[in-house]
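Observations on the three-dimensional arrangement
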Amino acid sequence: MAYEKKIPVDLDCPLRLTMSLIGSKWAACIIDELRSSESMRPSEIHRRLPEAAPRVLDIQLKQLVDDGLVTKTIYPELPPRSEYTITPLGRSLLPIIDSMLEWGQEHYDIFLSKYQKTNA
């Protein structure tokens, strides 16, 4: 059974369109990880995002491929090997992700005391 998004892509609003593409919990993190290398194997992505369940990462990688933000190359070897690469369309999201990273760094202290207590 193929995975379907729970919330369909909203084409009526550019903000909701963007959020539907990168607003899932790990999508922006995956794109951010892929920026730094030519390509990555799934196990490398899983190692870099250990808090994420492998199944969730696999679903989100598939969705990013379906949306054209990431490409998947499967090599005809035994055992089969696959790699993910960010596309030019995916790279066009990097300034947004950079702004999100910058905002998080600038306001880190505000949320540190609030969430440190609840996550301890």
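Our subject is the structure listed above.
Read on for a plain summary of the structure.

1. Observations concerning the overall build of the protein chain
The number of helices and strands found in the protein chain is 7 helices and 2 strands. For the protein chain, the succession of helices and strands along the chain, N to C, is α-α-α-α-β-β-α-α-α. Overall, the protein chain is about 50 × 35 × 30 Å in size when its C-alpha atoms are taken along their principal axes. Looking at the 120 residues of the protein chain, the share that counts as buried comes to 27%. Taking the contacts inside the protein chain whose residues are at least 6 apart along the sequence as the reference set, 49% of them involve residues at least 24 apart. Counting every atom, the protein chain has about 8,600 Å² of accessible surface; 59% of that belongs to carbon and sulfur.

2. Some details on the environment of E83
Examined against the element boundaries, E83 turns out to sit in strand β2 (residues 81–86). Residue classification places E83 among the buried residues on the basis of a relative accessible area of 14%. With 26 residues separating them along the chain, E83 and L57 place their C-alpha atoms 14 Å apart. Not counting residues within four places of it along the chain, the set of residues in contact with E83 comprises S39, M40, R41, T71, K72, T73 and Y75. A distance of 3.1 Å separates polar atoms of two side chains, one belonging to E83 and the other to Y75.

The rules behind these values
Residues numbered from 1 in each chain as written. Predicted model: local features only at pLDDT ≥ 70, side-chain atom pairs only at ≥ 80, totals over all residues. Heavy atoms only, no water. Helix = DSSP H or I, 4+ residues; strand = E, 2+ residues; numbered from the N terminus. Buried < 20%, exposed > 50% of the residue type's maximum accessible area, 1.4 Å probe, protein only. Contact = heavy atoms within 4.5 Å. Areas by Shrake-Rupley, 256 points an atom, 1.4 Å probe, with all protein chains shown as cover. Polar contact = N/O pair within 3.5 Å; in protein donor to acceptor, adjacent residues only side chain to side chain.

Taken by themselves, the reported measurements are silent on function.
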